[in-house]
Amino acid sequence: SGVLIRLLHMDIWAIQLWRSVATLILFIPILIATHGRDTFKALRSIGRIDLFCAALGSIAMFSFINAVAATTVADVLVVYATLPFFAALFGWIISKETVGRRTLSASGVALAGVFVMVSASAGDGRLLGDLYSLIMTVTFGLQLVILRKYQGRSIIVINIISVLANVIICLCVAPLKVPQVSDLVVVGALGGLSVGLGMMLFTMGARLIPSARASLIGLIEVVLGPLWVWLAFNENPGSAAFVGGALVLAAVVWQIMGEIVPKKSMT
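All values reported here derive from a predicted model rather than from experimental measurement. Along each chain, the written sequence defines residue order, and numbers are assigned to residues from 1. Residues qualify for local features only when their pLDDT is at least 70, as the model is predicted, and side-chain atom pairs are given and counted only at 80 or more; totals for whole chains, interfaces and linings, by contrast, use all residues. Remark: hydrogens and water are excluded; side-chain values derive from all non-hydrogen atoms of the structure.

### Here we look at the confidence of the model for the chain
(1) Moving on: Residues with a pLDDT of 70 or more make up 92% of the chain, whose mean pLDDT is 82.
(2) Moving on: The quantity known as pLDDT measures the predictor's confidence residue by residue, on a range of 0 to 100. Put simply, DSSP marks the helices as runs of H or I at least four residues long and the strands as runs of E at least two long, and each gets a number from the N terminus on. Element-level pLDDT for the chain is lowest in helix α11 (residues 211-217), with a mean of 67, against a maximum mean of 92 in helix α4 (residues 48-70).

### Quick look at the packing of aromatic side chains
(1) Moving on: The criterion for an aromatic pair is that two Phe, Tyr or Trp rings (for Trp, the six-membered ring) have centres within 6.5 Å, with stacked assigned to planes under 30 degrees apart, edge-to-face to planes over 60 apart and tilted to the rest. For the structure shown, the criterion picks out 1 aromatic pair.
(2) Moving on: By definition here, charges over rings are those cases where NZ of Lys or CZ of Arg is within 6 Å of the ring centre and within 35 degrees of the ring normal. In this arrangement the basic side chain of Arg-102 is found over the ring face of Trp-254, its NZ or CZ atom lying 3.9 Å from the centre.
(3) Moving on: When the ring centre of Tyr-150 is taken as origin, the NZ or CZ atom of Lys-149, which lies over that ring, is 5.9 Å away.

### Looking at the side chain of Ser-58
(1) Moving on: Inspection of the secondary structure assignment puts Ser-58 in helix α4.
(2) Moving on: Here, residues are in contact when the closest pair of their heavy atoms is within 4.5 Å. In this view, Ser-58 contacts Ser-162 and Asn-166; residues no more than four positions away in its chain are not counted.

### Side note on the layout of surface pockets
(1) Moving on: Considering only enclosed or pocket space, the largest pocket measures out at about 510 Å³ in volume.
(2) Moving on: For the lining of the largest pocket, the elements supplying multiple residues, two or more each, are α1 (2-7), α4, α5 (73-80), α8 (127-149), α10 (181-206) and α12 (220-233).
(3) Moving on: For the lining of the largest pocket, the leading source of residues is α10, giving 5 residues.
(4) Moving on: Using only the protein atoms, space was sampled on a 1 Å grid; points where a 1.4 Å probe fits but cannot get out form cavities, open sets with protein on both sides within 12 Å along at least five of seven lines form pockets, and lining residues are those with an atom within 4 Å of a point. Grid points are joined across faces, edges and corners, and a volume is the space filled by probe spheres set on the points. Of the volumes computed, that of the second largest pocket is approximately 200 Å³.
(5) Moving on: What lines the second largest pocket is a set of 14 residues, among which Met-10, Asp-11, Ala-14, Lys-177 and Pro-179 lie closest to the centre.

### As for α5
(1) Moving on: Relative accessibility under 20% of the residue-type maximum defines a buried residue, over 50% an exposed one, and the middle range a partly exposed one, all with a 1.4 Å probe and only protein chains included. Burial analysis of α5 places 8 of its 8 residues in the buried class, the great majority of the element.
(2) Moving on: If you check which residues of α5 are buried, you get Val-73, Ala-74, Asp-75, Val-76, Leu-77, Val-78, Val-79 and Tyr-80.

As structure tokens, this is what we get:
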């Protein structure tokens, strides 16, 4: 996502609008394919939980795009690395989920990596971008916990409501102007594949495992996201970001191995 946003020559509202349009174009066929004849039934069954989760998703995505525009991709993903802590907190409050010692230990290592990365960017005038990143992290963490608690909700319906709300908001505050073809291709990939499909797959998978564990696995993005932007645009976040990112990745691998090894030993 960071690479694609850096390729765009559009103002922030135009990115928000056309990203949402591209996501909507992708999601509508998926809705019909997954629900078939029950599509209208799924739409009629929309409740307060669906609307609340859609609102959270809308806020998270708006905040993400604004954060990347206001600061470096590394900064955005460093703040996003705190997601396991918010997910664990919300999971404990809402669903009474327990967090295992291994997950707590891995989260502690990840937090150490976050502190290493943040220490290098403090005082550089990127506070607004960090604030947007924090809003994105909190709202996404809350959405993950709620979706896990209410298993019967349709992820695709919730996402469609979310992006449709984004389109309406953007049309109300910004004039409709068709971008250049090159920008349309990039923003189409951003909304349809990178953000749209990627976010939907992650939220679907997050319902199958504890919220803190799902968000910890998602921290792999904290390492890879800045790497792609660095390779493509030489956006170097500094040596501290690489050290901190290595700690985060180590925590993720250690957590995942804790789930794989016991299963192998039982076979």
